[in-house]
Amino acid sequence: MSVVSAVPFMKPVHMRSPVPQGRRHTLPASEFRSLSPEDAISVFEIEREAFISVSGECPLHLDEVRHFLTLCPELSLGWFEEGRLVAFIIGSLWDQERLTMDALTLHKPHGTTVHIHVLAVHRTFRQQGKGSILMWRYLQYLRCLPYVRRAVLMCEDFLVPFYQKSGFKVQGPSEITVGPLTFIEMFYPVRGHAFMRRNSGC
Ligand SMILES: CC(C)(COP(=O)(O)OP(=O)(O)OC[C@H]1O[C@@H](n2cnc3c(N)ncnc32)[C@H](O)[C@@H]1OP(=O)(O)O)[C@@H](O)C(=O)NCCC(=O)NCCS
């Protein structure tokens, strides 16, 4: 028996129908993956609408997005719908208990704290659970990184309940201010979830 007839579901290469030139490949309906510097423009477009148009400030400027996606792409997560970025998280490592101004621009490769710089959802996809789901997936992923002890972020007062729903706890007011904006620092004990980690398939 030839190899071909013994494997009925596999057509030999010369029997496969040729893919017509110019035919569009179908993009996955939903995909989660780490971001790369090539995604920086899409990231910044969402940031521009979400932050700059509201307060004139944003967590990461375009060069900073590129900087972190070059240094630590594995600490980012993007949600793509049919190839289009709809939500993202960008993180880097930090090596102190509390966030200082340096944390806004530095990645400390030997740190054990993930500093979540930004979570943002494209305007047309908000209030659909995407921000919460993306954060949940990100925290699950962090549990699989042996060097990560906790995650921290800073947010404005009104978003504290949102992050509490994801399991973050209030650390206290942040020493960081950006123009007139003040922030609350929050943390998530990644290493405190030994049982969940044992059962998370890492
Ligand atoms: C904040 C954000 C990430 C939430 O993502 P989302 O997908 O819209 O949120 P979900 O659908 O998962 O959850 C909705 C919950 O988020 C909270 N929330 C979202 N936006 C809020 C806002 N502007 N003010 C207060 N609470 C808000 C509410 O608790 C809401 O619950 P409710 O529907 O019961 O009121 C998204 O609105 C966003 O990108 N905003 C602009 C950028 C931003 O502020 N990012 C966070 C700072 S880094």
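Structure: above.
Within every chain, residues take consecutive numbers counted from 1 along the sequence as written. Note on the predicted model: pLDDT of at least 70 is required for a residue's local features to be given, and 80 or more for side-chain atom pairs to be given and counted; whole-chain, interface and lining totals, by contrast, use all residues. Heavy atoms throughout the structure, all of them, feed into the side-chain values; hydrogens and water do not.

(A) Representation of the overall build of the protein chain in the model. Scanning the protein chain from terminus to terminus reveals 6 helices and 7 strands. The secondary structure elements of the protein chain, listed N-terminal to C-terminal, are α-β-α-α-β-β-β-α-β-α-β-β-α. Exposed residues in this analysis have more than 50% of their type's maximum accessible area, buried residues have under 20%, and partly exposed residues fall in between, with area computed by a 1.4 Å probe over protein chains only. Going through the 202 residues of the protein chain one by one, you find that 39% of them count as buried. Contacts are assigned to residue pairs that have any heavy atoms within 4.5 Å of one another. Partitioning the contacts of the protein chain with sequence separation of at least 6, the portion at a separation of at least 24 is 66%. The helix and strand labels rest on DSSP assignments: H or I over at least four residues marks a helix, E over at least two residues marks a strand, and numbering proceeds from the N terminus.

(B) Looking closely at helix α4 (residues 130–143). Taking 1.5 Å of rise per residue, the 14 residues of α4 would be expected to cover 20 Å, and the 20 Å separating its terminal C-alpha atoms lies within 8% of that figure. Within α4 the residues assigned to the buried category are K130, G131, L134, M135, Y138, L139, Q140, L142 and R143. A helix's residues, less one, multiplied by 1.5 Å, set its expected span.

(C) Here's a closer look at the side chain of S92. Among the structural elements, S92 can be located in strand β3 (residues 84–94). Judged by relative accessible area, which is 0%, S92 ranks as buried. Of note is the side chain of S92, whose polar atom sits 3.5 Å from the backbone oxygen of L106. Every residue in contact with S92, bar those within four places of it in the chain, is listed here: F68, C72, L75, L106, H107, T113, V114, H115 and H117. N or O atoms closer than or at 3.5 Å make up a polar contact, with two conditions inside protein: a donor-capable atom paired with an acceptor-capable one, and, for residues adjacent in sequence, both atoms drawn from side chains.

(D) Summary view of the nonpolar core. Counting residues in hydrophobic clusters, the biggest one holds 44 residues, and the most contacted among them are F88, I90, I116, M135, L142 and F168. Residues in contact with I90, not counting those within four places in the same chain, are L35, V43, L60, V65, F68, L69, L75, S76, H115, I116, H117 and V118. What we call a nonpolar core is a set of buried Ala, Val, Leu, Ile, Met, Phe, Trp, Tyr and Cys residues that are connected through their side-chain atoms within 4.5 Å. Counting residues in hydrophobic clusters, the runner-up holds 8 residues, among them W94, L99, V152 and F183.

(E) Structural context of the packing of aromatic side chains. Note on aromatic pairs: the rings of Phe, Tyr and Trp (six-membered ring only in Trp) are paired at centre separations within 6.5 Å, and the planes decide the class, stacked below 30 degrees, edge-to-face beyond 60, tilted for the rest. Scanning all chains against the criterion turns up 4 aromatic pairs. Look at Y163 and F168: their rings are 5.9 Å apart centre to centre, the planes differ by 75°, and that puts the pair in the edge-to-face class. With a centroid separation of 5.5 Å and an interplanar angle of 50°, the aromatic rings of F168 and Y188 are classed as tilted. Residue F168 is located in the loop between α5 (160–165) and β6 (169–178), and its partner Y188 is located in strand β7 (residues 181–188); the two are separated by 20 residues in the primary sequence. Residue classification places F168 among the buried residues on the basis of a relative accessible area of 2%. Every member of this aromatic cluster is reached through a ring pair, and the members are F162, Y163, F168 and Y188.

(F) Layout of the site of the ligand. For this purpose, a residue is taken to be near a molecule or strand whenever a single non-hydrogen atom of the residue falls within 4 Å of it. For the ligand, the set of nearby residues contains 17 residues, the closest of which are L119, V121, G129, G131 and S132. Here an oxygen atom of the ligand and a backbone polar atom of G129 are 2.7 Å apart. In this structure, K165 approaches the ligand through a side-chain N or O atom, which is 3.1 Å from an oxygen atom. For every accessible area listed, the method is Shrake-Rupley and the probe measures 1.4 Å; residues are considered covered only by the protein chains on display. Compared with its free state, where it exposes 900 Å², the ligand has 69% of that area covered by protein. Of all the secondary-structure elements, those providing two or more residues to the shell around the ligand are α2 (40–55), β4 (113–121), α4 and α5. Basically, the charged four are Asp, Glu, Lys and Arg, the nonpolar ten are Ala, Val, Leu, Ile, Met, Phe, Trp, Tyr, Cys and Pro, and anything else, Gly included, counts as polar. A per-class count over the shell around the ligand returns 9 nonpolar, 5 polar and 3 charged.

(G) Focus on the side chain of H115. Positionally, H115 belongs in strand β4. In terms of polar contacts, H115 uses its side chain to reach the backbone carbonyl oxygen of A103, at 3.1 Å. When sequence neighbours within four positions are dropped, the list of residues in contact with H115 reads I90, G91, S92, W94, L99, A103, L104 and V152.

(H) Looking closely at the sheet that holds strand β2 (residues 76–81). Read from one edge of the open sheet, 7 strands run β1-β2-β3-β4-β5-β7-β6, paired in mixed fashion. Strand pairing shows two members of the sheet lacking a second neighbour, β1 (30–33) and β6, which therefore form its edges. Direction aside, the axes of adjacent strands within the sheet are offset by 25° on average. Taken together, the 4 bridges between β1 and β2 define a ladder with antiparallel strand orientation. Residue pairing in the sheet places S30 in a bridge with E81 of β2. For helices, the fitted line uses only the C-alpha atoms of the stretch in contact; every axis is such a line through C-alpha atoms, and the angle between N-to-C directions lies from 0 to 180 degrees. Taken strand by strand, α2 contacts β3, β4 and β7, and its axis lies near 85° from that of β3. Its contacts with the sheet put helix α3 (residues 62–71) on β2, β3 and β4, and the angle it makes with β3 is roughly 70°. At least two bridges found by DSSP between two strands is the condition for calling them paired.

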